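Architecture and fold: a report
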Amino acid sequence: MIQADAPTILPLELKDVSLQAGQHRLIKDVSCTLDAKDVTIIIGPNGAGKSLLLRLCHGLLTPSAGAIHWHGANGRDPSLYQAMVFQRPVMLRRSVRANIDFALSLRKVPRRLRHNLIEEALHRAGLNRFAKTPARVLSFGEQQRLALARSWALRPQILFLDEPTASIDPAATHVIEEVIMAMRKEGTKIVMCTHDLGQARRLADEVIFLHRGRILEKSGAAEFFAGPKNDLAQAFLRGELLWWHRRELTPP
Amino acid sequence: MTDFGAAISTAFALVAHLDRDLSEVVLLSLKVSISAVLIASVIGLPIGAALALFRFPGRTIFIVVLNAFMGLPPVVIGLIVYLLLSRAGPFGVFGLLFTPTAMIIAQVLLITPLIAALARQVMETLWLEYEEQLRSLGTTPLRALGALLWDGRFSLMTAVLAGFGRAIAEVGAVMIVGGNIDHVTRVMTTSIALEVSKGNLALALGLGIILVVLSVLVNGMVYFLRGNQRQGGTL
Ligand SMILES: Nc1ncnc2c1ncn2[C@@H]1O[C@H](COP(=O)(O)OP(=O)(O)OP(=O)(O)O)[C@@H](O)[C@H]1O
Ligand SMILES: [Mg+2]
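Residues numbered from 1 in each chain as written. Chains lettered and ligands numbered in written order. Predicted model: local features only at pLDDT ≥ 70, side-chain atom pairs only at ≥ 80, totals over all residues. Heavy atoms only, no water.

1. Quick word on the packing of helix α3 (residues 59-70) of chain B against helix α5 (residues 100-137) of chain B
The angle between the axes and the distance between the axes are what describe a pair of packed helices. All names here are of chain B. To keep things clear, this is the line we draw: To obtain an axis, a line is fitted to C-alpha atoms, over the contacting stretch when the element is a helix, and the angle between two such axes runs from 0 to 180 degrees between their N-to-C directions. Secondary structure counts use DSSP, requiring at least four H or I residues in a row for a helix and at least two E residues in a row for a strand, with both numbered from the N terminus. To sort the angles, those under 35 degrees are grouped as roughly parallel, those over 145 as roughly antiparallel, those from 65 to 115 as roughly perpendicular, and the leftovers as oblique. The handedness criterion is simple: a crossing whose near helix is rotated anticlockwise from the far helix by less than a right angle is left-handed, and one whose near helix is rotated clockwise is right-handed. For this analysis, residues touch if any pair of their heavy atoms sits within 4.5 Å. When residue character is reported, Ala, Val, Leu, Ile, Met, Phe, Trp, Tyr, Cys and Pro are called nonpolar, Asp, Glu, Lys and Arg charged, and the others, Gly included, polar.
Where α3 meets α5, the closest approach of the two axes is 8 Å, and the angle between their N-to-C directions is 125°. It follows from the interaxial angle that α3 and α5 lie oblique. Both α3 and α5 take part in a crossing whose hand is left-handed. For the pair formed by α3 and α5, the contact residues are R59, I63, L66, N67, F69 and M70 on the first element and L109, P113, L114, A116, A117, R120 and E124 on the second. Of the residues belonging to the contact of α3 with α5, the class tally is nine nonpolar, one polar and three charged.

Written as structure tokens, this is what we have:
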């Protein structure tokens, strides 16, 4: 069981992290530091490597080169303090409640504490009335909310989200954003990728622009949206970053 | 044609009256095959799950051998068990040849590979879907195995039923290791073979009817389980 007041495992530092698959370098020499507070939004075109970068940070993938370091971990297992919401929700073939219960039991949360955590998480995500429903009959959007509720129940210090509101209606998107902001308020570090620039503006404290496996820009949200320094990032914000333009746009 | 008609009506009469000889044979068949399926499931399901989840040296060879065993003709398995259990064989001292135990052993060998292979398919598909999520939640290999077995329970039941279907319908192996001894090792399939050769079509047909009914029941259950699973499988 993770104490709520356990010292944070952050900051997270990536040092020259690369990921290679066969001939292709999918992530190229990424170095950056993520601080304990705030919301970091990763944006970039399809195939930029956003999902891969999240998986590397979360420990689901091992970098081919470079190192990932949790500076606050001090010998503790960092994976116990993290959670991730995937692009497409994965639900066990059990009830909604049992799905959260299973996650809590994996984190060794004592049985007597689980009930309240589950109720609260379901309430947050507006899923109370589905508690006993088989999770897999829920709609896509409901399942995504359940995935978020499950993460909420774990009280992670850092939460990775991979396009959690892709193909989700505006109302459900609003619920998801509210839950995310509530978690942020309780001190959870949020790292999320999205294609919804409006959402990025609403949530971001910090923006990372990823392109072809490289971080081309990392800056404060206000600064970034006022005008990124990188020309590819500028083109992306204007909606003009098209693959056939790349040659002209790439600085010499 | 009248012969055939008479045989059919006698057959139904035998089934309807639960003829003593007939029910003895049916009960022994069920006893042998249910025992075999239970043992084969206890061995085969974890093997299938482990093959799906874990990468270890020799895994590929193991899978190839498993698949080869799945396609082995039952008579060959009967022959192998016969050689192992015969007086001169390595397990001859136990005197198991021509007993129901020998038949159970042969059927276990026959269906364990089938159950393991089907279980592996089920588990592999599930693991593909679950792996990242379970690793993200911080699962141990054992908890992952448990979750997969539980979540795949309906599909696994169909694997077990398929094993039962193969066991109860099989004739070659039990004939060789059981010897088809009256009141001792005579099961449905071996009696059908015998009664037909004796020209006693009524009893053979009666047993045939029961086999067909059993097969329909088993397949009905498989169908029902599949449907149940598609609806999401409640807790
Ligand atoms: N296992 C793999 N083997 C080879 N290439 C891969 C593998 N996984 C991903 N890739 C490639 O890596 C690149 C980055 O993939 P990634 O999923 O991180 O993109 P993304 O930025 O999340 O895109 P999207 O916005 O479409 O989700 C893609 O070009 C993809 O084809
Ligand atoms: Mg992606």
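What follows picks up the thread again.
2. Here we look at the interface of chain A and chain B
Quick note on the threshold: Values labelled buried area give the accessible surface lost by two parts on being combined, using a 1.4 Å probe and summing over both. Each reported salt bridge corresponds to a side-chain nitrogen of Lys or Arg within 4 Å of a carboxyl oxygen of Asp or Glu. Pairs of N or O atoms are called polar contacts if they sit within 3.5 Å, as long as, within protein, a hydrogen donor faces a hydrogen acceptor (for residues adjacent in sequence, only side-chain-to-side-chain pairs).
Facing the 25 residues of chain A at the interface are 21 residues of chain B. For the pairing of chain A and chain B, the buried interface totals around 2100 Å² over both sides, and the portion due to carbon and sulfur atoms is 52%. When residues of chain A are sorted by the area they lose upon contact with chain B, R93, R94 and L106 of chain A head the list and together hold 32% of the total. At the junction of chain A with chain B, the criterion picks out four salt bridges. Counting every contact that joins chain A to chain B gives twelve residue pairs in polar contact (both at pLDDT 80 or more). At the level of secondary structure, the elements contributing two or more residues to the side of chain A that touches chain B comprise α1 (50-58), β5 (82-85) and α2 (96-106) of chain A. With five residues, the single largest contributor to the side of chain A that touches chain B is α2 of chain A. The residue makeup of the side of chain A that touches chain B, split by class, is 14 nonpolar, five polar and six charged.

3. Re the sheet that holds strand β1 (residues 12-21) of chain A
Residue and element names in this part refer to chain A. Threshold: Strand pairing is defined by DSSP finding a minimum of two bridges between the two strands.
The strand order across the open sheet built from three strands is β2-β1-β4, with neighbouring strands paired in antiparallel fashion. For this open sheet the edge positions go to β2 (24-34) and β4 (65-70), each flanked by a neighbour on one side alone. In this sheet, adjacent strand axes meet at a mean angle of 20° when their direction is disregarded. Inspection of the sheet shows β1 paired to β4 by five bridges, in the antiparallel sense.

4. Side note on the sheet that holds strand β8 (residues 206-211) of chain A
Sheets are built from strands paired through backbone hydrogen bonds, the pairs being either parallel or antiparallel. Residue and element names in this part refer to chain A. In space, the six strands of this open sheet follow the order β5-β6-β7-β3-β8-β9, with mixed pairing throughout. In this open sheet, the two edge strands, each paired with only one partner strand, are β5 and β9 (214-220). Across the sheet, the mean angle from the axis of one strand to that of its neighbour is 15°, orientation sign disregarded. As paired elements, β5 and strand β6 (residues 158-162) share four bridges and run parallel to each other. Bridge assignment links V85 to a residue of β6, and that residue is L161. Those strands touched by α1 are β3 (39-43), β5, β6, β7 (189-193) and β8, and its axis lies near 155° from that of β6. Strands in contact with helix α5 (residues 170-185) are β3, β6 and β7; relative to β7, the strand with the most contacts, it is inclined by about 145°.

5. A closer look at the packing of aromatic side chains
Residues and elements named next belong to chain A. Using the following cut-off: Between 30 and 60 degrees the pair is tilted, below 30 it is stacked and above 60 it is edge-to-face, where a pair is any two Phe, Tyr or Trp rings, Trp via its six-membered ring, whose centres lie within 6.5 Å. Burial classes: relative accessible area under 20% of the type maximum marks a residue as buried, over 50% as exposed, and values in between as partly exposed (1.4 Å probe, protein chains only). Our definition puts a charge over a ring when NZ of Lys or CZ of Arg is within 6 Å of the ring centre and also within 35 degrees of the ring normal.
By the definition in use, this model includes three aromatic pairs over all chains. Centroid distance F224 to F225: 5.4 Å. Interplanar angle 90°. Geometry classified as edge-to-face. By relative accessible area, F225 is classed as buried at 16%. Over the ring of Y81 we find R76, and its NZ or CZ is 5.0 Å from the ring centre. One Lys or Arg, R94, reaches over the ring of F102 and ends 4.9 Å from the middle of that ring.

6. As for the site of ligand 1
All names here are of chain A. How we decide: Near residues are defined by distance, with any heavy atom within 4 Å of the molecule or strand qualifying the residue. With residues, only the protein chains shown are counted as cover, and all accessible areas are computed by Shrake-Rupley using a 1.4 Å probe.
The full set close to ligand 1 counts 13 residues, and N46, G47, K50, S51 and H195 are the nearest of them. The contact in question runs from an oxygen atom of ligand 1 to an N or O atom on the side chain of E163, over 3.2 Å. Coverage of ligand 1 by the protein chains reaches 56% of its 640 Å² of free accessible surface. Tallying contributions element by element places α1 first for the shell around ligand 1, with three residues.

7. Some remarks on helix α2 (residues 20-53) of chain B
Residue and element names in this part refer to chain B. Note the threshold: Every helix has an expected span of 1.5 Å times one less than the residues it contains. Throughout, bend refers to the angle between the axes fitted to the seven residues that end at a position and the seven residues that start at it.
Here α2 spans 49 Å end to end across 34 residues, near enough to the 50 Å set by a 1.5 Å rise per residue. By the largest-angle criterion, S41 marks the main kink of α2, which is about 30°. Its side-chain oxygen 3.2 Å from the backbone nitrogen of D21, D19 forms the N-cap of α2.

8. Comments concerning helix α4 (residues 74-85) of chain B
Residue and element names in this part refer to chain B. For clarity, the cut-off: This arc is built from the directions going out from the helix axis to the C-beta atoms.
With twelve residues, α4 ought to run about 16 Å at 1.5 Å a step, and its terminal C-alpha atoms sit 16 Å apart, in line with that. The complete set of buried residues in α4 reads I77, G78, V81 and L85. Looking down the long axis of α4, one finds its buried residues gathered within 105° of arc, a one-sided arrangement. For α4, the elements touching its buried residues are α5 and α8 (172-178).

9. Section: the pairing of β6 of chain A
Residue and element names in this part refer to chain A. Worth spelling out the cut-off: When the strands point away from the viewer and the path from the first strand over the helix to the second turns clockwise, the crossover is right-handed.
For β6, the buried fraction is high: five of the five residues fall into the buried class. Neither face of β6 is left uncovered, since the one carrying I158, F160 and D162 and the one carrying L159 and L161 both have all their residues buried. Note that β6 and β7 share five bridges and pair parallel. Across the sheet, the residue bridging to L161 is M192, located in β7. Handedness of the crossover joining β6 and β7 through α5: right-handed.

10. Digging into the nonpolar core
For clarity, the threshold we go by: Residues belong to one nonpolar core when they are buried, are Ala, Val, Leu, Ile, Met, Phe, Trp, Tyr or Cys, and are joined through side-chain atoms within 4.5 Å.
One finds I100 and L146 of chain A together with M188 of chain B to be the most contacted residues of the largest nonpolar core, which totals 113 residues. Tallying contributions element by element places α5 of chain B first for this core, with 16 residues. In this structure L146 of chain A touches M91, V96, I100, L122, L127, A135 and L138 of chain A, once residues within four positions along its chain are discounted. The next biggest cluster of nonpolar side chains, apart from the first, holds 28 residues, and it includes V30, L34, L53 and A73 of chain A.

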